[in-house]
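# A closer look at the structure
Chain residues, written in single-letter form:
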Amino acid sequence: MKEDTQINEETLKTEETAAHETATPEKETETPENEETAAEEQTPETRLAEAEARIVELKDQYLRKMADFENLRKRTIKEKTELILNGGKDVIESLLPVLDDLERALDNVDKTDDVAAVKEGIHLIVDKLSKALAAKGLKKMETEGQEFDTDFHEAVTLFPGAPEQKNKIIDCVQTGYFLNERVLRHAKVVVGQ
């Protein structure tokens with residue numbers, strides 16, 4: 001009988017432990033409800049303090065964003081200024097060899113009497129200049145025998161001529177140029193009337 005009572009006591013203990021374990025999750029599910037009631041029970045002073053803390057945090061974020069924007073604006077202005085001041089650097093560097101050739105040609109003009117050699121030297125320098133500018137996107141405007149177009153040409157003079165020359169370019173007074181397919185300078189031309 002002692003064994004029966006010991007078994008019964010052990011069974012009771014395990015049943016109590018099992019009952020206690022199942023009861024514990026119920027308390028855990030009640031905890032969120034307690035938090036909600038705790039939030040409802042906050043005093044106006046604590047809510048005001050939380051709101052003021054949130055306002056301070058948002059003001060700080062706002063000031064940081066404004067400072068970032070101001071720095072971006074200043075950096076952009078500085079970059080644009082540098083681009084304007086140094087934008088032609090690449091073109092000027094490509095023209096320096098041409099300038100060197102012109103200086104050498106001037107030095108040699110006084111030393112030689114051969115006009116043909118001077119002419120040839122000038123032609124070489126002009127070709128070199130044309131190639132350097134073409135590499136940067138400059139293209140000469142063709143005008144000989146073309147129809148007059150106000151998008152590309154500027155009429156300097158109207159010249160009476162044959163009927164087949166009407167509204168055609170007879171002569172080019174100043175060459176026009178394109179820079180990257182956009183008109184850089186209009187060609188000044190004489191147009192048939």
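Below, the discussion takes up the packing of helix 3 (residues 89-109) against helix 4 (residues 115-135). One way to put it is that helix 3 packs onto helix 4 with a least axis distance of 9 Å and a crossing angle of 170°. Considering their axes alone, helix 3 and helix 4 lie roughly antiparallel with respect to each other. Across the interface between the two elements, Ser94, Leu95, Pro97, Val98, Asp101, Leu102, Ala105 and Val109 from helix 3 touch Val118, Ile125, Lys128, Leu129, Ala132 and Leu133 from helix 4. Its residues placed into classes, the contact of helix 3 with helix 4 shows eleven nonpolar, one polar and two charged.

Okay, the confidence of the model for the chain next. Across the chain, the average pLDDT comes to 82, with 79% of residues at or above 70. Taken element by element, the predicted model of the chain shows its lowest mean pLDDT in helix 1 (residues 2-40) (51) and its highest in helix 2 (residues 44-86) (94). This stretch, residues 1-5, has a pLDDT under 50; its non-local contacts, to residues over four places away or in other chains, come to zero contacts. Across residues 22-30 the pLDDT falls below 50, and counting only partners more than four positions away or on other chains, this stretch makes zero contacts in the model.

Helix length check: helix 4, at 21 residues, gives a terminal C-alpha distance of 30 Å against a target of 30 Å (1.5 Å per residue), a fit within 8%. For helix 4, the side-chain oxygen to backbone nitrogen distance between the N-cap and alanine 116 is 3.4 Å, and the N-cap itself is aspartate 114. Of the residues flanking the end of helix 4, it is glycine 137, one or two places downstream, whose phi is positive at about 105°.

Before going further, it helps to examine the pairing of strand 5 (residues 182-185). Relative to strand 5, strand 4 (residues 177-179) runs antiparallel, the two being bridged by three bridges. Residue pairing in the sheet places tyrosine 177 in a bridge with arginine 185 of strand 5. In this antiparallel pair of consecutive strands, strand 4 and strand 5, the connection spans two residues, and asparagine 180 shows a positive phi of 55°.

A few words on the sheet that holds strand 3 (residues 169-174). Within the open sheet, the three strands sit side by side as 2-6-3. Their pairing is mixed. The two strands at the open ends of the sheet, each matched to only one other strand, are strand 2 (153-159) and strand 3. Pairs of neighbouring strands in the sheet enclose a mean axial angle of 30°, with direction left out of account. The sheet contact formed by strand 3 and strand 6 (residues 187-192) spans four bridges and is antiparallel. The residue bridging aspartate 171 from the neighbouring strand is valine 190, located in strand 6.

Turning next to the packing of aromatic side chains. The final tally for this structure, using the stated rule, is one aromatic pair. Look at phenylalanine 152 and phenylalanine 178: their rings are 5.6 Å apart centre to centre, the planes differ by 70°, and that puts the pair in the edge-to-face class. Highlighted residues: phenylalanine 152 in the loop between strand 1 (138-140) and strand 2 and phenylalanine 178 in strand 4, separated in sequence by 26 residues. Looking at phenylalanine 152, the relative accessible area reads 30%, which means it is partly exposed.

As a further point, take the nonpolar core. In this structure, Met141, Ile169, Phe178, Ala187, Val189 and Val191 together form the largest nonpolar core, which totals six residues. Considering each element in turn, this core owes the most residues, three residues, to strand 6.

This next bit is on a negative patch on the surface. A surface patch of like charges, here negative, comprises Asp100, Glu103, Asp107 and Asp110. Within the element layout of this structure, aspartate 107 appears in helix 3.

What counts, and where the lines are drawn
- Residues numbered from 1 in each chain as written.
- Predicted model: local features only at pLDDT ≥ 70, side-chain atom pairs only at ≥ 80, totals over all residues.
- Heavy atoms only, no water.
- Axes fitted to C-alpha atoms, helices over the stretch in contact; angles between N-to-C directions.
- Helix = DSSP H or I, 4+ residues; strand = E, 2+ residues; numbered from the N terminus.
- Parallel < 35°, antiparallel > 145°, perpendicular 65-115°, else oblique.
- Contact = heavy atoms within 4.5 Å.
- Nonpolar A, V, L, I, M, F, W, Y, C, P; charged D, E, K, R; others polar.
- pLDDT = per-residue confidence, 0-100.
- Expected span 1.5 Å × (residues − 1).
- Polar contact = N/O pair within 3.5 Å; in protein donor to acceptor, adjacent residues only side chain to side chain.
- Pairing = 2+ DSSP bridges.
- Phe/Tyr/Trp six-rings, centres within 6.5 Å; stacked < 30°, edge-to-face > 60°.
- Buried < 20%, exposed > 50% of the residue type's maximum accessible area, 1.4 Å probe, protein only.
- Core = buried A, V, L, I, M, F, W, Y, C linked by side-chain atoms within 4.5 Å.
- Patch = residues over 30% accessible without salt bridge, like charges linked within 9 Å, V, L, I, M, F, W, Y side chains within 5 Å.
- Areas by Shrake-Rupley, 256 points an atom, 1.4 Å probe, with all protein chains shown as cover.
- Salt bridge = Lys/Arg side-chain N within 4 Å of Asp/Glu carboxyl O.
- Lys, Arg positive; Asp, Glu negative; His and termini not counted.
- Charge placed at Lys NZ, Arg CZ, Asp CG, Glu CD.

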